[in-house]
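One-letter residues, chain by chain:
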Amino acid sequence: MIIKWIGSFFKVIGILLVVLIVFYFVSWSITTDPSESSYRFNEIDPNATISKEKALEDLNDYYHAIATAHPKPYRYVSKLEFKRVKDSLSNIVRNHPNDSVRKVDLYFLLRSLAAQTKDTHTIIFMSQNRDIRYFPYGIRILNQNIYVVGSDSTSQQLPVGTEITSINGIKTNKILASLSSFESTALEHTKNNKIARNFSFYLNYYYNIKDAVQLQVKSQGKDTILTAKLIDHKASFRRKRKSESKYQFSNLAMSDNSVPVIDLNDCSNIDLNEFKKEIDLFFEKHHEEDFIIIDVRDNAGGSEEYGRYILAYLTDKRIKTYENYIWKMSDVARLQILQKKNRSFYNMKVPSVLWSLPIHKLHQYGSYIEDKLSMSNGEIRNSGPSYFEAHNTNYRFKGHAIMLINHGTASAAQDIAAIFKKNELGTLIGSETKNSMSFGGNIWVDLELKNSGIRYYMPMTYGVMDLADTVAGVQPDIKVDYSFKEYNGKVDKEIKIVKEYVNKIKKMPAGNRVGSR
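Only a predicted model underlies this, so the values are computations on that prediction, with no experimental measurement involved.

**Student:** So what's going on with the overall build of the protein? Residues and values would help.
**Tutor:** Looking only at helices and strands, one finds 15 helices and 25 strands in the protein. A buried classification covers 49% of the 517 residues belonging to the protein. The long-range fraction of contacts in the protein, counting pairs at least 24 apart against all pairs at least 6 apart in sequence, stands at 76%. Carbon and sulfur atoms make up 51% of the accessible area of the protein, which totals about 25,500 Å². Of the side-chain charges in the protein, 70 are positive and 57 negative, and the distance between the mean point of each set is 2 Å.

**Student:** How would you summarise unusual backbone geometry if you had to cite specific residues and measurements?
**Tutor:** Unlike most non-glycine residues, N168 shows phi in positive territory, near 50°. For N168, the location among the structural elements is in the loop between β8 (163–167) and β9 (170–171). Unlike most non-glycine residues, S411 shows phi in positive territory, near 55°. The topology assignment puts S411 in helix α13 (residues 411–422). Residue classification places S411 among the buried positions, given a relative accessible area of 13%.

**Student:** Any details on the side chain of T120? Residues and values, ideally.
**Tutor:** Looking at the element boundaries, T120 is found in the loop between α5 (103–114) and β4 (123–125). Separated by 2.3 Å, the side chains of T120 and N435 make a polar contact. Once you skip the residues sitting within four places of it in the chain, T120 turns out to touch S184, T185, T190 and N435.

**Student:** So what's going on with the environment of V464? Which residues, and what values?
**Tutor:** Mapped onto the elements of the fold, V464 is located in strand β24 (residues 461–464). Along the sequence, V464 and I225 sit 239 residues apart, while their C-alpha atoms lie 49 Å from each other. When sequence neighbours within four positions are dropped, the list of residues in contact with V464 reads Y322, E323, N324, I326 and S438.

**Student:** Which residues make up a nonpolar patch on the surface, and what are the values?
**Tutor:** A cluster of nonpolar side chains, contributed by I2, W5, I6, F9, F10, V12, I13, L16, L17, L20, I21 and F25, occupies part of the molecular surface with about 1,300 Å² of accessible area. Looking at the element boundaries, I6 is found in helix α1 (residues 2–29).

**Student:** How would you explain the packing of aromatic side chains if you had to name every residue and give the values?
**Tutor:** Working definition: an aromatic ring pair is given by the centre-to-centre distance plus the angle between the planes. Summed over all chains, the structure comprises 24 aromatic pairs. With a centroid separation of 5.7 Å and 80° between ring planes, the pair formed by Y107 and F201 is classed as edge-to-face. Of this pair, Y107 sits in helix α5 while F201 sits in helix α8 (residues 199–206); the two residues are 94 residues apart in sequence, bridging distant segments of the chain. A single burial state applies to Y107 and to F201, both of which are buried. Taking the centre distance of 5.3 Å and the plane angle of 85° together, the rings of F275 and Y306 count as edge-to-face. Within this pair, whereas F275 is found in helix α9 (residues 272–286), its partner Y306 is found in helix α10 (residues 305–311), the two being separated by 31 residues in sequence. On the basis of relative accessibility, which here comes to 8%, the residue Y306 falls in the buried class. Taken together, the ring pairs in this structure connect Y107, F108, F182, F201, Y202, Y205, Y206 and Y207 into an aromatic cluster. Above the ring of Y63, the side-chain terminus of K86 is found at 4.9 Å from the ring centroid. The ring of Y205 carries the charged tip of K210 above its face, separated from the ring centre by 4.0 Å.

**Student:** Explain the nonpolar core to me, using residue names and the numbers behind them.
**Tutor:** Soluble globular proteins: nonpolar side chains tend toward being buried together. Membership of the largest hydrophobic core comes to 106 residues, with the highest contact counts inside it found for Y62, F135, L215, F283, L314, M403 and Y456. Apart from residues no more than four positions distant in its own chain, F283 is found in contact with I262, I292, I310, Y313, L314, Y395 and F397. In terms of nonpolar packing, the next biggest core, distinct from the first, is built from 17 residues, V261, I402, V480 and V502 among them.

**Student:** Give a detailed account of the pattern of salt bridges, specifying residues and quantitative values.
**Tutor:** If you walk through the whole model with that rule in mind, you get 21 salt bridges. In this structure, the salt-bridge partner of K450 is E57, at a minimum N-O distance of 2.8 Å. Taken together, the positions of K450 in the loop between β22 (445–448) and β23 (455–458) and E57 in helix α3 (residues 52–69) put the pair 393 residues apart, joining distant regions of the chain. A single network of salt bridges, built from pairs that share partners, joins D295, R297, D492 and E494.

**Student:** Summarise the pairing of strand β10 (residues 212–219); cite the residues concerned and give the values.
**Tutor:** Pairing geometry for β8 and β10, over four bridges, is antiparallel. Residue pairing for β10: I167 is matched across the bridge by L215. Sheet analysis places β10 next to strand β11 (residues 222–229), joined by eight bridges and oriented antiparallel. By the bridge assignment, L215 is partnered in β11 with L226. Between β10 and the antiparallel strand that follows it, β11, lie two residues; Q220 among them carries a positive phi value of about 55°.

Reading guide: rules and limits
- Residues numbered from 1 in each chain as written.
- Predicted model: local features only at pLDDT ≥ 70, side-chain atom pairs only at ≥ 80, totals over all residues.
- Heavy atoms only, no water.
- Helix = DSSP H or I, 4+ residues; strand = E, 2+ residues; numbered from the N terminus.
- Buried < 20%, exposed > 50% of the residue type's maximum accessible area, 1.4 Å probe, protein only.
- Contact = heavy atoms within 4.5 Å.
- Areas by Shrake-Rupley, 256 points an atom, 1.4 Å probe, with all protein chains shown as cover.
- Lys, Arg positive; Asp, Glu negative; His and termini not counted.
- Charge placed at Lys NZ, Arg CZ, Asp CG, Glu CD.
- Polar contact = N/O pair within 3.5 Å; in protein donor to acceptor, adjacent residues only side chain to side chain.
- Patch = residues over 30% accessible without salt bridge, like charges linked within 9 Å, V, L, I, M, F, W, Y side chains within 5 Å.
- Salt bridge = Lys/Arg side-chain N within 4 Å of Asp/Glu carboxyl O.
- Phe/Tyr/Trp six-rings, centres within 6.5 Å; stacked < 30°, edge-to-face > 60°.
- Lys NZ or Arg CZ within 6 Å of the ring centre and 35° of its normal.
- Core = buried A, V, L, I, M, F, W, Y, C linked by side-chain atoms within 4.5 Å.
- Pairing = 2+ DSSP bridges.

Everything listed here is a matter of coordinates, which is why it stays silent on function.
Structure (structure tokens):
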């Protein structure tokens, strides 16, 4: 009897297992990747049109999204002025002579609205379905002037440093004043760099220049007028300093020895466990060196976690990050958190039929997600000061750490530089970073406007890195400036300065070496 009962029991268990296995594989087979289903990522024809009513609806939806979801929408503009700008842009649409407007014209209006926040993470962009033609000269913008830093080989060669004074009869200072209204940043160098990077797009779609431009240029005191044809390829006027690797290790050769280098090119989509292993090996090998270099130039960001792991080798003290971290909840933020939760389920191979259950507690961010979803719309939470711990290790670096930064050091990479500076972990060499010290982060609001398909990014958090909430970016201890001839990438001036600095420090008595710990 008992044997029969045991047999029946295992038979039932077997049937249940088969049912569960079939259920899992069938339900998983119909589960789609939420990162694909959540966004349309439509390629947009910039010249396609939508009705003025639909354009106004998208404009109002975007205005509402910034006002309700952005953690600091009125840092640089008052609430009243922000609404006035939106109403002015709406009137441009209403007064358009046709019944419809081009999507690219709406795009520029939306960028004007985004620019009021002066936040580099508040972004409007389109996925284009057609190529543009490119300006044949590399440019650098300084003091509301445009200068040539390179010429494409197929075009008339202009000396480096040539000033472009007008384009198609429009004075360049007037052009720059117009284009500045589209760039969302409080820092002049960042605005100039973004205009230079997007210059061909502006020529094509804001000025409707498709084939050739008439330029008035000045070189060595002489004015010249020439016609320059736009080209079909994007020419590179600066030698690419960074490698394709997201991070790499090398040694900087000196006259008598070498200095170990961690070149952190990117802070996104890196296998964290593998990264940690390689950093551990680096400090095991080099912890007794006099100097190391951490290079985060042109690192556009991602996650701070990679940089923090490196910094935790540079001290035995607790390391301060933010003075305050502001969280704001809204409808669009809630939608993004739910999508993040669903992406986590998908990565865990959990079928979508189970996503509505409270199983998010099974993964490492479960409590975090649950806490944020418990917030009410409009609710703001302040974390206060935050810290992370130094590594408990025998391989702590006690020498002189040097970090390289420049105008391309942004987002998470900039936070790494700010943490390095405020905790006095070494010497910063280079130029001011891309963002203000405190800025909106965690770009989780990533949606498309329903009528035009134009996509927007927006932060839901705001990291206060300094209590003064200054506009400036992270400032280097030793500033590096490039001349026009150096700007084209033939000279790595930061490395040149590093060599001079290291040699200078080596000549000092050990007890007088600033930055040694």
